[in-house]
Structures are given as C-alpha cells and as structure tokens.
Amino acid sequence: MELFSLIVVVSVLYLMLLFFDSVFKSCMHHPYDAFLRKTGISIKFFRLQWHTTAFNRLILKWRYICPRLLSKSFDIGVYVTLIILPTVTILLLISVFYTPPKNSVLGESVKLQVVLPFVTLPIEEIPYYVIALIVCSVTHELGHAIAAALEDVPTRAFGVHLVFFLPFAYTEVDQEYMSGLRIWKRLKILCAGIWHNIVTGMICYLILASVPQLASSFYNINDSVIVTSIRPRSPVSAGNKGLHVHDIITHINDCKVRSIKTWFNCLQEAIQYQPAYCLSTDFVRANDESVLVSHNNQIIDCCDPKNKKAICFEHILEKFDDDTELPQFMCLDIRSSIEHSSGYCSRKHRCREGQCFKPILDNSTTILQLQRWYQNDMIYIGHSNDFSRNVKVSEFVPKTSWFSPHIADSISLMLRYLIVFSFGLASINAMPCYGFDGQHLVHALLHNFKNPRFPNDKHRKDMMALGINTFGTVILFILVTKTLWISLIGHLW
C-alpha cells in the first residue's frame with residue numbers, strides 16, 4: 001500500500017507539472033521560455049532535466065590540483081576498467097543462467113544482483129537509495145569532466161535527469177576534441193568515471209570498517225544487540241513478558257548474539273537444531289503432569305489439551321545412562337523447566353548434571369529463549385521468522401541514554417549504500433551495453449585495433465561493436481526481467 005501511494009503521489013505531481021508547463025507555454029510563452037533557458041530546467045513526461053554550464057570554470061581550476069597524480073590515477077583506472085569489462089560480462093552471464101536456492105547462505109558465491117527500488121530494496125530505505133545514487137552519479141561524472149580537462153577537452157555542460165524519482169547525472173564533453181585524441185587519452189576519459197566510483201567505494205569501505213572503532217566510545221559493540229523497532233501487533237511483543245523496544249539481547253538459547261550477523265545466525269540455528277535441556281530427576285518427577293500418550297498429527301502428545309503452559313518432553317537416554325526409571329515421555333511446564341535447567345544438551349553433548357529432555361515440536365516450530373540485560377528471559381514458542389520479519393535490532397548498544405542506535409545505524413547504512421552503488425555503477429558502466437560507458441569503450445578499442453589484412457575495415461568493426469553492445473544489452477535486459485519475475489513470484493507465494 002505504501003508503494004502504491006508513493007507511485008500515485010509522484011504520478012500526480014508529474015501530471016500537475018506537465019499541465020502547468022503547457023499552460024505557461026501557451027499563455028506566458030516568452031517570459032516562461034526565458035525562465036526555462038535561464039535556469040536550465042526542462043519538463044518532460046515523467047522526467048525532469050536540469051542543464052547548467054556553471055561548473056565549467058570550476059572543473060578547469062581543479063585540473064591544476066596535483067595534475068601528475070590525477071593523470072597517473074586515471075592511468076590506473078584504464079587498466080582496472082579493462083580488467084572489469086570482461087569479468088563483469090562473465091558474471092552477468094552467470095547471474096542470468098544461475099538461480100541460487102532459497103536457503104543459500106549469502107556470500108557463498110560471487111555473482112551480480114540487480115538492485116531495484118521496491119523490488120530488492122525496502123521502501124523505507126528509499127531516501128538512502130536516492131542520496132547514494134546522487135552522490136555516486138555526480139562522482140562518476142566528475143571523473144569524466146576532470147579527466148577531459150586534463151587532456152584539454154572542453155566540457156560543455158553538466159546536468160541531472162530525474163526519471164520518475166530516480167536521479168541520474170551526466171556530463172557533456174566536446175566529441176570533436178575527443179575523436180582527435182590518441183586512444184590512451186580517450187580511454188582515460190572514458191574510464192575516469194568508473195575509476196572514480198571504484199575509489200569512492202574503497203574509501204567508503206574503509207570508513208565503514210572503522211565505524212566500530214570510532215563508535216566504541218559511545219556504544220557497546222560486538223557484545224549484544226538492542227531492539228530498535230517491532231512491527232505493530234507482532235506476536236513477539238504480546239504481554240509484559242514479550243519483547244520490547246530497547247531490550248538488549250545477549251543470547252538466543254545457547255547461541256551468543258554479538259552482532260546483526262550472529263543475530264540471524266542464531267535464529268537460523270534455533271529452527272535447525274531444536275534445543276534440549278538438562279533437568280534433574282527430582283524436578284521431573286515432582287512436576288510431571290503426563291496423561292495417556294497420544295498422536296496428534298503425527299506428533300506425540302502426552303499433555304492435557306487444556307494445559308497451555310505445558311509441553312511434552314522426550315527423555316533422551318545417553319550412552320552411559322543407566323537410569324531407566326523415568327518414562328520416555330513426560331509433560332512439563334515449559335517456562336519452569338527452562339528456568340530450572342542446568343544447561344543445554346544433545347546426543348553429542350552430555351549433561352553434567354541431570355538428564356537430557358527435548359521438547360516435542362513440529363519441524364516449523366521451536367523454542368527460543370532470549371536472554372536480556374536487566375530483565376527476565378523471554379521464552380517464545382513459534383518460528384524464528386517471527387523475529388527476523390518483525391523485529392529490527394542494532395549492534396550499536398548505547399552506553400548512555402544520550403545516544404541513539406539509530407545514529408550509528410544510519411551512518412553505517414548510508415556507507416553500505418554508497419559502497420554498493422559505487423561498485424554497482426562501476427560494474428554496470430563497464431558492461432558493453434547501450435547507454436553506458438562500456439558501449440564507447442568497445443567502440444574505441446575495436447576501431448583502434450589494427451589488422452594488417454584489413455586496413456580499411458571500419459564497417460566490419462562497426463558491425464562487431466554493434467553485435468557486442470547488443471548482446472550485452474539483451475543480457476542485462478534478461479537479468480532485470482528475471483529479477484522482477486522472481487520477486488513477483490516470491491510476493492505471490
């Protein structure tokens with residue numbers, strides 16, 4: 001509903017702009033036309049454009065700041081881009097023909113993933129998306145402009161396209177001067193934007209890696225997580241004993257929670273390996289409320305259906321146990337059993353004290369014991385997805401109430417978006433696709449490749465460039481379509 005509302009609002013705003021644009025052009029043609037030329041603004045169907053020459057002199061001044069260093073840097077950028085171009089093309093093909101399994105762990109393979117707003121990105125992070133896209137686009141175009149200025153190629157203008165609500169920057173350089181340059185100088189200009197994005201991504205990565213050390217004076221890091229938000233009417237927040245915002249979580253069952261990554265790992269471990277508890281024989285005998293054992297939906301049940309606080313436990317006999325007086329199934333109060341347990345156990349890890357008892361639950365249900373600072377443990381019977389979908393946590397636990405975890409989280413998220421978009425724009429611009437730098441790179445490389453057998457084969461080279469760029473464009477289109485289709489199927493099912 002939020003996505004639909006946003007699309008409607010933006011569409012209405014564009015329609016209003018088009019309406020007033022047509023009215024002013026009809027009724028106030030000369031003053032309005034002069035205003036548009038002076039400001040460089042043009043209004044088109046679901047697209048705004050801003051065009052300016054105000055930064056041309058500033059770029060000319062920047063070329064005198066460490067020109068040798070800049071020139072060497074752009075030389076490196078050419079080598080890096082020429083390595084990226086075939087690598088990205090291969091990864092693009094792999095991503096088209098390979099679909100990872102639903103339960104695959106992130107980071108097991110290297111592949112390209114299309115990042116689309118509302119599809120692969122949550123709607124609440126759209127401001128980060130837009131800001132990162134503006135910063136990375138401007139950085140990219142500045143690379144082209146500065147490299148062109150170093151090679152004495154005039155920059156005609158800069159501009160920004162706002163397509164629906166997504167901004168894209170662009171630079172206009174004099175193509176006649178460009179065509180007269182040697183191949184290496186032309187490649188330096190064409191690859192400068194990609195190189196700027198790579199450098200920006202590396203700088204942001206170094207800053208992101210330093211955030212924990214920089215924030216350690218104000219936050220407890222790598223020790224626990226703090227709950228920052230819970231979805232309304234979530235089952236995990238029901239009652240006084242439920243989870244609440246600002247709760248600090250240190251463990252999920254016997255799994256230590258230190259960061260957001262370990263938070264999700266512990267939730268996944270909780271559903272894969274249902275916990276079992278070490279209980280004393282005296283406690284079990286004193287609290288057993290078993291009734292006649294029955295099978296309910298292929299699950300063994302030994303508790304009275306009216307007793308909502310109890311659950312059926314299975315006595316797991318260990319290899320060296322000789323205590324066979326206890327029955328195999330017993331009905332015990334779940335909270336009381338967890339509170340009186342001396343630890344966790346399994347068939348491989350024996351109990352130091354007492355016997356091992358495992359709750360009998362279906363495969364999609366588990367018991368989660370969340371240990372919290374300054375509060376009693378929260379015990380929840382259900383699916384771990386109830387937490388991963390409804391609860392947001394932060395690994396920045398404030399040392400005082402003066403600092404909020406949202407500050408550090410926002411900075412980290414912004415840096416992550418800058419990293420993703422910087423390397424993403426570098427990758428997509430290196431691909432041989434129409435509308436990207438890769439198109440011009442392929443054209444320049446092919447037309448400067450000398451073949452002694454065919455000294456005047458310009459037509460053949462044009463056809464080769466056409467085929468390569470068409471192939472890359474089709475593959476990119478298939479990948480985007482595949483991403484949209486998989487996301488649509490995921491939402492429907």
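Residues numbered from 1 in each chain as written. Predicted model: local features only at pLDDT ≥ 70, side-chain atom pairs only at ≥ 80, totals over all residues. Heavy atoms only, no water.

**Topic: the sheet that holds strand E1 (residues 41-44)**
One open sheet accounts for 4 strands, arranged E1-E2-E3-E4; its pairing is antiparallel. The open sheet has two edge strands with one neighbour each: E1 and strand E4 (166-173). Direction aside, neighbouring strands of the sheet carry axes that sit 20° apart on average. Where E1 and strand E2 (residues 47-52) come together, 4 bridges link them in antiparallel fashion. Paired with Ile-43 across the two strands is Leu-48, which belongs to E2. Its contacts with the sheet place helix H5 (residues 126-150) against strand E3 (155-163) and E4, and it is angled at close to 5° to E4. (Pairing = 2+ DSSP bridges. Helix = DSSP H or I, 4+ residues; strand = E, 2+ residues; numbered from the N terminus. Axes fitted to C-alpha atoms, helices over the stretch in contact; angles between N-to-C directions. Contact = heavy atoms within 4.5 Å.)

**Structural notes on the sheet that holds strand E12 (residues 310-316)**
In space, the 5 strands of this open sheet follow the order E13-E12-E15-E9-E14, with antiparallel pairing throughout. Whereas interior strands pair on both sides, the edge strands pair on one side only; in this sheet they are strand E13 (329-333) and strand E14 (344-345). Pairing analysis gives 2 bridges linking strand E9 (residues 276-279) to E14, with the strands arranged antiparallel. Each residue of the ladder has a partner; that of Ala-276, found in E14, is Cys-345.

**Some words on the pattern of salt bridges**
In total, this model carries 9 salt bridges according to the counting rule given. Across the salt bridge formed by Asp-174 and Arg-156, the nearest N and O atoms sit 3.6 Å from each other. One end of the pair, Asp-174, is in the loop between E4 and helix H6 (175-179); the other, Arg-156, is in strand E3, with 18 residues separating them in the sequence. The exposure class of Asp-174 is buried, given its relative accessible area of 10%. Assessed through its relative accessible area of 49%, Arg-156 is described here as partly exposed. Among the salt bridges present, the one from Arg-372 reaches Asp-247, with a minimum N-O distance of 2.9 Å. A residue pair is termed long-range when its members are at least 10 positions apart, and Arg-372 in strand E16 (residues 366-372) and Asp-247 in the loop between strand E6 (225-230) and strand E7 (248-252) qualify at 125 residues. Looking at Asp-247, the relative accessible area reads 4%, which means it is buried. If you follow the salt bridges from partner to partner, you end up with Asp-75, Glu-151, Lys-185 and Lys-188 in one network. (Salt bridge = Lys/Arg side-chain N within 4 Å of Asp/Glu carboxyl O. Buried < 20%, exposed > 50% of the residue type's maximum accessible area, 1.4 Å probe, protein only.)

**A few points about the nonpolar core**
Counting 35 residues, the largest nonpolar core has Val-153, Met-178, Ile-189 and Leu-441 as its most contacted members. Residue contributions to this core peak at 8 residues, all from helix H7 (residues 183-215). The contacts of Ile-189, once residues within four sequence positions are left out, are His-144, Ala-147, Ala-148, Glu-151, Val-153, Met-178 and Leu-181. Residues Val-225, Val-227, Leu-267 and Leu-368 belong to the second largest nonpolar core, which totals 20 residues. (Core = buried A, V, L, I, M, F, W, Y, C linked by side-chain atoms within 4.5 Å.)

**Quick notes on the state of the cysteines**
All told, the structure shown has 5 disulfides when counted by the stated rule. Across a sulfur-sulfur distance of 2.0 Å, Cys-278 and Cys-351 are joined as a disulfide pair. Torsion about the S-S bond of the Cys-278 and Cys-351 cystine: about -90°, corresponding to left-handed handedness. Residue Cys-278 is found in strand E9, and its partner Cys-351 is found in the loop between E14 and strand E15 (355-359); the two are separated by 73 residues along the sequence. Note on accessibility: Cys-278 and Cys-351 belong to one class, buried. Covalent S-S linkage joins Cys-302 and Cys-312, the inter-sulfur distance amounting to 2.1 Å. In this structure the cystine formed by Cys-302 and Cys-312 twists about its S-S bond by roughly 115°; its chirality is therefore right-handed. Of this pair, Cys-302 sits in the loop between strand E11 (299-301) and E12 while Cys-312 sits in strand E12, and the two are 10 residues apart along the sequence. (Disulfide = S-S within 2.5 Å.)

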